[in-house]
Amino acid sequence: MTEGRLNALEEEAWSGFLRTHERLWRQLEAGLSAVNVSLAEYDVLLALDAAGPGGLRMSDLAERRLMSTGGFTRLADRLERRSLIERRRSAVDGRSLDAVLTDEGRTLLRQARRQHHSDLRTHFFERLKTDDLRQLADIWRRLGPDSATGNC
């Protein structure tokens, strides 16, 4: 393998992944816009729902979203203005803030989840066979940060 150029198969696999990611992202964003939520907002609402009534530290949420603290703060500000989350002083460490899902946030999350799952089925799952999905799941495991190479 040379370091300079990708071979034809590598180029096809990589550019196909990028084009497909971009197309799916746009389709999923468009679906969620029908319930007035972005994919980034949806991901935060999901994380807070999974965290339960205690919520999550703001810094942990920012890390999960791979965002700067400032960028995540702006996202959280939007969610809080819409009464989807609230921020509270941490009971564990009084200096940090926890984000907690509100009742309004839970209601919106239920609507968004139905829309998102429908869109995933339409644009992704229904276009693949069960064996394709198994292969993809295996590929994502092998490319994950806990894989044998540990370089991802």
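Scroll up to find the structure.
From a predicted model like this one, the values you see are computed outputs, not experimental measurements. (Residues numbered from 1 in each chain as written. Predicted model: local features only at pLDDT ≥ 70, side-chain atom pairs only at ≥ 80, totals over all residues. Heavy atoms only, no water.)

Novice: Explain the overall build of the chain to me, please; I cannot follow it from the model alone.
Specialist: Looking only at helices and strands, the chain features six helices and three strands. Across the chain, helices and strands are ordered from the amino to the carboxyl terminus as α-α-β-α-α-β-β-α-α. Viewed in the frame of its principal axes, the chain has a C-alpha envelope of about 55 × 35 × 25 Å. The buried share among the 152 residues of the chain stands at 30%. Look at the contacts in the chain between residues 6 or more apart in sequence, and 51% of them connect residues 24 or more apart. Taken as a whole, the chain presents about 10600 Å² of accessible surface, with 53% of it coming from carbon and sulfur. Taking the average location of the 25 positive side-chain charges in the chain and that of its 24 negative ones, the two points are 3 Å from each other. (Helix = DSSP H or I, 4+ residues; strand = E, 2+ residues; numbered from the N terminus. Buried < 20%, exposed > 50% of the residue type's maximum accessible area, 1.4 Å probe, protein only. Contact = heavy atoms within 4.5 Å. Areas by Shrake-Rupley, 256 points an atom, 1.4 Å probe, with all protein chains shown as cover. Lys, Arg positive; Asp, Glu negative; His and termini not counted. Charge placed at Lys NZ, Arg CZ, Asp CG, Glu CD.)

Novice: I tried to follow the packing of aromatic side chains on my own but got confused; where do I start?
Specialist: A complete count under the given rule lists three aromatic pairs for this structure. On the numbers, 5.2 Å between centres and 75° between planes, the contact of Phe124 with Phe125 is edge-to-face. Look at Phe125 and you get partly exposed, because its relative accessible area is 35%. In textbook terms, an aromatic cluster arises when at least three aromatic residues are bridged by ring pairs, as seen for Trp14, Phe17 and Trp140. (Phe/Tyr/Trp six-rings, centres within 6.5 Å; stacked < 30°, edge-to-face > 60°.)

Novice: Would you mind going over the pattern of salt bridges with me for this structure?
Specialist: Any two side chains of opposite charge can pair, given that their charged atoms come close. This structure, assessed with the given rule, holds 10 salt bridges. Between Asp49 and Arg113 there is a salt bridge; the shortest N-O distance is 3.4 Å. Of the two residues, Asp49 is situated in helix α2 (residues 39-51) and Arg113 in helix α5 (residues 103-123); the sequence distance between them amounts to 64 residues. Residue Asp49 is classed as partly exposed on the basis of its relative accessible area, which comes to 30%. Here Asp103 ties to Arg106 by a salt bridge, and the two come within 3.2 Å at their closest N and O atoms. In this pair, Asp103 and Arg106 are both assigned in helix α5, three residues apart and thus about one turn of the helix distant. The class of Asp103 is exposed, set by a relative accessible area of 58%. Taking relative accessible area as the criterion, Arg106 reaches 29% and is therefore assigned partly exposed. Put simply, Glu41, Arg78 and Arg82 are held in one network by salt bridges that share partners. (Salt bridge = Lys/Arg side-chain N within 4 Å of Asp/Glu carboxyl O.)

Novice: I would appreciate a short explanation of unusual backbone geometry in the present structure.
Specialist: Glycine aside, residues mostly have negative phi, and peptide bonds are mostly found in the trans state. Although it is not a glycine, Asn36 adopts a positive phi angle of roughly 65°. Its location among the elements puts Asn36 in the loop between α1 (8-33) and α2. Here Asn36 falls in the exposed class, since its relative accessible area comes to 52%. Phi is positive for Ser83, which is not a glycine, with a value near 65°. Tracing the sequence through the fold places Ser83 in the loop between α4 (69-81) and β2 (85-89).

Novice: Would you explain the packing of α2 against α4 in this entry?
Specialist: Any two packed helices are characterised by the angle at which their axes cross and by the distance between the axes. Put simply, α2 and α4 touch, their axes get as near as 11 Å, and they point 80° apart. On the basis of their axis angle, the class for α2 and α4 is roughly perpendicular. Only Phe72, Leu75, Arg78 and Leu79 of α4 make contact with α2, whose side of the interface consists of Ala40, Glu41 and Val44. Residues of the contact of α2 with α4, tallied by class, amount to five nonpolar, no polar and two charged. (Axes fitted to C-alpha atoms, helices over the stretch in contact; angles between N-to-C directions. Parallel < 35°, antiparallel > 145°, perpendicular 65-115°, else oblique. Nonpolar A, V, L, I, M, F, W, Y, C, P; charged D, E, K, R; others polar.)

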